[in-house]
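Here is what each chain is made of, one letter per residue.
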Amino acid sequence: MSVRKGTYVLVVTLDRELNTTVGAKGPHTFSSGTYCYVGSAMGGLDQRLKRHLAHDKKVKWHIDYLTTECASAEAWESYPEVIPECVLGNRIEALGGIPEMDGFGCSDCGCRTHLFRVDADTVSEIVSSMGLKPYIRAH
């Protein structure tokens, strides 16, 4: 079985305010609500998304600070037609996503952030306008 490569949007919902320290980025308060995080997995899309959707794990990436505390998380993939993660982020912001924390999840590019606060209508528009497919764990 070949390794699938692609990009993704994680939709993470917090049912309460979360005060945490995001690694070297420092302390941050995340309001309850919905967030979209964009990322890439050129070394294995399925492995990366399974990890992100797991609640119990060692914190390794910025997004882990939310996914270990969230009420729910779902993943939407850009595969096999891969939309670059920075393009995904720019489109989310253009659709009304509010940048949440500077430098979050984007240490390897020039983007302001890869985490955006969104509402339910924005999530639907993101998914439909970008042709994202739901990630199904049984791949």
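Residues numbered from 1 in each chain as written. Predicted model: local features only at pLDDT ≥ 70, side-chain atom pairs only at ≥ 80, totals over all residues. Heavy atoms only, no water.

Asks: What is the right way to read the overall build of the chain from this model?
Replies: Broken down by element type, the chain carries 4 helices and 8 strands. When the helices and strands of the chain are placed in sequence order, the string is β-β-β-β-α-α-β-α-β-β-α-β. Taken against the 2.2 N^0.38 rule, which gives 14 Å for 139 residues, the C-alpha radius of gyration of the chain at 14 Å falls within 12% of a compact globule. For the chain, the spread of C-alpha atoms along the principal axes amounts to about 40 × 30 × 30 Å. Within the chain, the fraction of its 139 residues that count as buried is 47%. (Helix = DSSP H or I, 4+ residues; strand = E, 2+ residues; numbered from the N terminus. Rg over C-alpha atoms; globule rule 2.2 N^0.38 Å. Buried < 20%, exposed > 50% of the residue type's maximum accessible area, 1.4 Å probe, protein only.)

Asks: When you look at the pattern of salt bridges in this model, what are you seeing that I'm missing?
Replies: Where charged atoms of side chains with opposite charge meet at close range, the side chains can pair. Overall, the coordinates contain 6 salt bridges when judged by the stated rule. The salt bridge partner of Glu-81 is Lys-133, with a shortest N-O separation of 3.7 Å. Taken as a pair, Glu-81 in the loop between β5 (72–78) and α3 (85–94) and Lys-133 in strand β8 (residues 133–134) lie far apart in primary sequence, 52 residues in all. On the basis of relative accessibility, which here comes to 57%, the residue Glu-81 falls in the exposed class. Notably, a salt bridge pairs Asp-102 with Arg-112, separated by 2.7 Å at the nearest N-O pair. Placement of Asp-102 in the loop between β6 (98–99) and β7 (115–118) and of Arg-112 in the loop between β6 and β7 is noted, with a sequence separation of 10 residues between them. The network of salt bridges with common partners includes Arg-4, Asp-46 and Glu-77. (Salt bridge = Lys/Arg side-chain N within 4 Å of Asp/Glu carboxyl O.)

That is the geometry; function is a separate question.
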